[in-house]
2 protein chains.
Amino acid sequence: MNQPGLPTAHVAGRDSGRASRAREVADSLTRAIHEHRLGPGMKLSEDEVGEIFGVSRTIVRAALQQLAHDQLVTIEPHRGAFVAQPSVREAREVFEARALLEPRTARSAALRATPEDIAILRRHIAQEHAALHAGQDGAALRLSGLFHIEIARIADQATIAEFIGQLVSRSSLVIALYWRRRNALCESHAHDALLKALADRDGALAEELMKGHLLDLLSSLDLREAPGQRRSLKEALGGP
Amino acid sequence: MNQPGLPTAHVAGRDSGRASRAREVADSLTRAIHEHRLGPGMKLSEDEVGEIFGVSRTIVRAALQQLAHDQLVTIEPHRGAFVAQPSVREAREVFEARALLEPRTARSAALRATPEDIAILRRHIAQEHAALHAGQDGAALRLSGLFHIEIARIADQATIAEFIGQLVSRSSLVIALYWRRRNALCESHAHDALLKALADRDGALAEELMKGHLLDLLSSLDLREAPGQRRSLKEALGGP
DNA sequence: GGTGCGCAGATTGTATACGATCCTGTGTCC
DNA sequence: GGACACAGGATCGTATACAATCTGCGCACC
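Every chain is numbered independently, its residues counted from 1 as its sequence is written. Here every chain gets a letter starting at A, and every ligand a number starting at 1, in the order they are written. Under the rules for a predicted model, residues below a pLDDT of 70 receive no local features and side-chain atom pairs below 80 are neither given nor counted, while totals for whole chains, interfaces and linings still include all residues. For side-chain calculations, the full set of non-hydrogen atoms in the structure is used, while hydrogens and water are omitted.

## Structural notes on helix H1 (residues 21-34) of chain A
All names here are of chain A.
- Each helix corresponds to a stretch of at least 4 residues labelled H or I by DSSP, and each strand to a stretch of at least 2 residues labelled E; elements are numbered beginning at the N terminus. How far a helix is expected to stretch is found by multiplying one less than its residue total by 1.5 Å. The end-to-end C-alpha separation of H1 is 20 Å, in line with the 20 Å expected for 14 residues at 1.5 Å each.
- The buried label goes to any residue with under 20% of its type's maximum accessible area, the exposed label to any with over 50%, and the partly exposed label to all in between, with areas taken from a 1.4 Å probe on protein chains only. Listed as buried for H1 are Ala-22, Val-25, Ala-26, Leu-29, Thr-30, Ala-32, Ile-33 and His-34.
- Residues are treated as being in contact if the distance between any of their heavy atoms lies within 4.5 Å. Residues of H1 that are buried in the fold lie against helix H2 (46-53), helix H3 (57-69), strand E2 (73-76), strand E3 (80-83), helix H6 (137-154) and helix H7 (158-178).

## Looking at the relation of the copies chain A and chain B
- To line up the copies, we fit them by least squares on C-alpha atoms, keeping just the residues with pLDDT of at least 70 in both. It takes a turn of 180 degrees to lay chain A on chain B, together with a shift of 0.1 Å along the axis; the resulting RMSD is 0.1 Å. Viewed as a symmetry operation, the transformation between the two copies matches a two-fold axis.
- Comparing contact sets, 100% of the residues at the interface of chain A also lie at the interface in chain B, consistent with an isologous, same-surface contact.

## Details of the protein's contact with DNA strand C
- Around DNA strand C, 17 residues are found, and the nearest of them are Ser-20, Ser-56, Thr-58 and Arg-79 of chain A together with Arg-61 of chain B.
- A single heavy atom is enough: if one lies within 4 Å of a molecule or strand, its residue is considered near that molecule or strand. Per the 4 Å cut-off to the protein, sugar and phosphate atoms form 70% of the nearby atoms of DNA strand C.
- Glu-46 of chain B has a polar backbone atom sitting 3.5 Å from a phosphate oxygen of DNA strand C.
- Between DNA strand C and Arg-57 of chain B there is a distance of 3.0 Å, counted from a base nitrogen to a side-chain nitrogen or oxygen. Distance and chemistry together define a polar contact, namely a pair of N or O atoms within 3.5 Å, with one atom able to donate a hydrogen and the other to accept it when in protein, and with adjacent residues in sequence counting only for side-chain atoms on both sides.

## Here we look at the pairing of strand E2 (residues 73-76) of chain B
All names here are of chain B.
- One requirement defines pairing of two strands: DSSP has to find at least two bridges between them. Bridging between E2 and strand E3 (residues 80-83) involves four bridges; their strand directions are antiparallel. Across the sheet, the residue bridging to Thr-74 is Phe-82, located in E3.
- Once E2 ends, the chain turns through three residues before running back antiparallel as E3, passing His-78 with a positive phi of about 65 degrees.

## Re the protein's contact with DNA strand D
- In the vicinity of DNA strand D lie 17 residues, with Arg-57 and Arg-61 of chain A together with Ser-56, Thr-58 and Arg-79 of chain B positioned nearest.
- Counting only the atoms of DNA strand D that lie within 4 Å of the protein, the sugar and phosphate share comes to 70%.
- Contacts to DNA strand D include Thr-58 of chain B, whose side-chain N or O atom sits 2.8 Å from a base nitrogen.
- Looking at the surface near DNA strand D, the elements with two or more residues in it are H3 of chain A together with helix H3 (57-69) of chain B.
- Of the residues forming the surface near DNA strand D, the biggest block, three residues, is contributed by H3 of chain B.
- Residues were grouped as follows: Ala, Val, Leu, Ile, Met, Phe, Trp, Tyr, Cys and Pro as nonpolar; Asp, Glu, Lys and Arg as charged; and all remaining residues, including Gly, as polar. Grouping the amino acids of the surface near DNA strand D by side-chain chemistry returns two nonpolar, seven polar and eight charged.

## Looking at the layout of surface pockets
- We place a 1 Å grid over just the protein atoms. Points where a 1.4 Å probe fits but has no way out form a cavity, open points with protein on both sides within 12 Å along at least 5 of 7 lines form a pocket, and any residue with an atom within 4 Å of a point lines it. Grid points are joined across faces, edges and corners, and a volume is the space filled by probe spheres set on the points. Reported here for the second largest pocket is a volume of approximately 780 Å³.
- What lines the second largest pocket is a set of 30 residues, and nearest its centre among them are Leu-100 and Arg-104 of chain A together with Ala-99, Leu-100 and Arg-104 of chain B.
- At the level of elements, helix H4 (88-112) and helix H9 (203-219) of chain A together with helix H4 (88-112) and helix H9 (203-219) of chain B are the ones that each hand at least two residues to the lining of the second largest pocket.
- Broken down by element, the lining of the second largest pocket gets its largest block of residues, nine residues, from H4 of chain B.

## Considerations on the interface of chain A and chain B
- Across the contact, 24 residues belong to chain A and 24 residues belong to chain B.
- Note on definitions: buried area is the accessible-area loss of two parts on being combined, 1.4 Å probe, summed for both. Between chain A and chain B the total buried area reaches about 2300 Å² when both faces are included, carbon and sulfur atoms providing 51% of it.
- Among the residues chain A hides against chain B, the three largest losses belong to His-69, Leu-100 and Phe-163 of chain A. Together they make up 28% of the total.
- The term salt bridge refers to a pairing of a side-chain nitrogen on Lys or Arg with a carboxyl oxygen on Asp or Glu at a separation within 4 Å. Scanning the region where chain A abuts chain B turns up two salt bridges.
- A salt bridge links Arg-89 of chain A to Asp-156 of chain B, with the shortest nitrogen-to-oxygen separation between them at 2.8 Å.
- The interface formed by chain A and chain B contains 10 residue pairs in polar contact (both at pLDDT 80 or more).
- Class assignment of the residues belonging to the side of chain A that touches chain B gives a composition of nine nonpolar, seven polar and eight charged.

## A closer look at the environment of Arg-79 of chain B
All names here are of chain B.
- Here Arg-79 lies in the loop between E2 and E3.
- In this structure Arg-79 comes out as partly exposed when scored by relative accessible area, which is 42%.
- Sequence spacing of Arg-79 and Lys-43 is 36 residues, and the spatial spacing of their C-alpha atoms is 9.6 Å.

## Observations regarding the sheet that holds strand E1 (residues 43-44) of chain A
- Read from one edge of the open sheet, three strands run E1-E3-E2 (chain A), paired in antiparallel fashion. Where the open sheet ends on each side, the last strands, each with one partner, are E1 and E2 of chain A.

Right under this line is the structure:
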């Protein structure tokens with residue numbers, strides 16, 4: 001009998017009395033998607049996920065519905081849940097939405113950032129570099145996303161920050177599907193420049209840098225029509 | 001331009017059978033909140049809601065979690081679900097987010113609107129006026145929100161449209177809590193002007209009108225600190 | 001008379017059971 | 001030999017059952 005899989009309550013350490021374990025499962029799955037350990041199109045069977053986390057299907061369903069709302073998974077009725085495969089169109093939309101939200105948010109962040117905020121961002125970048133050097137590509141990608149989310153948090157706009165969080169998550173899937181170039185270095189440098197602008201309280205520059213950064217990101221994708229159908233030939237034929 | 005399949009008709013609520021009943025219940029509740037038949041702070045007991053809709057608590061829970069994700073209800077662990085009561089701060093954030101998203105979206109919509117789109121919008125306004133004259137204030141408010149959502153749909157940006165949909169929903173709660181003036185007429189006129197700009201394909205004007213419209217809306221609210229605590233003195237003491 | 005405690009009812013959190021639907025593999029018929 | 005039909009298994013959708021927790025009220029005690 002294998003001990004590590006034992007689904008008892010105090011496996012998770014401390015039950016902080018917070019929200020149900022559904023949130024916990026959802027966070028784990030989200031993180032796995034961010035780190036590209038779960039790739040687009042992978043099936044998330046309720047039984048399987050439930051057994052892994054030691055919870056019942058009730059919890060898993062709640063978690064999956066939550067991820068479905070964030071559009072990280074798609075739930076096909078009577079078929080199951082799959083990690084989402086954003087179409088080329090969705091990919092464009094995600095980055096257009098980011099281009100609409102993030103530059104202004106970066107400007108606000110520059111005007112409000114405290115020294116502690118700057119320190120936090122600096123630590124993020126350091127972790128990102130470390131992960132990159134350790135060859136942990138997925139972790140680096142997730143940290144890179146967290147950098148953007150942290151900026152939204154600094155801007156002190158919880159509502160917009162939540163939207164940006166969703167968009168960053170979906171960007172991770174987009175990158176998994178459509179990434180072309182291998183040089184993630186430019187991104188790190190972009191983050192360095194952004195950090196400097198924020199530290200200097202230069203809102204206009206931060207806005208401009210963020211805009212350019214997002215455009216760079218977008219241009220590093222291969223968003224032609226064909227590759228979107230890599231695994232979705234069913235829906236390619238099913239549609240009109 | 002005329003697609004035979006007509007996939008993007010404004011079908012709302014006729015979706016029985018396809019998706020799970022949870023979506024149905026969630027839509028009903030959402031509509032009730034939009035029409036101010038459910039006010040901020042009202043408790044949504046799982047048993048009660050389930051009995052009303054003739055479904056089990058399983059379905060109700062799924063629906064409530066969905067609304068919680070849209071921040072239309074807040075779920076307090078072991079206490080239940082309540083219609084959300086946006087704080088003054090949240091109210092401001094909602095309108096700041098709208099100010100960031102909707103003007104640009106209106107501009108895009110103006111550039112893309114087809115004659116059918118204009119006709120749909122015209123019908124929306126007519127319905128809104130009719131509801132207003134019939135004294136159905138709640139229905140008029142909901143239609144007013146649908147007008148904004150329809151514009152986002154016309155702009156052909158599903159991702160942004162979904163965000164705007166969430167924000168419009170939350171705005172309904174904000175209005176329920178903080179509405180000051182009684183004259184909803186200005187809003188209708190604003191919509192008329194917007195419609196004209198869209199029909200004229202005047203993107204710049206549409207953007208400007210939308211910006212002004214949102215500012216008008218915001219200025220018609222009473223967002224001083226006091227009224228936020230109307231029912232939330234518990235959380236006033238709970239927080240710093 | 002006011003305050004604190006404890007029990008009962010109600011409500012939510014989670015698990016499990018059962019029916020419905022879909023996918024897959026096999027057998028038969030043309 | 002190929003295509004259709006059907007059965008088996010697996011998975012999902014929903015309902016119900018049980019356990020944990022909270023709220024309200026009454027009673028004892030100070």
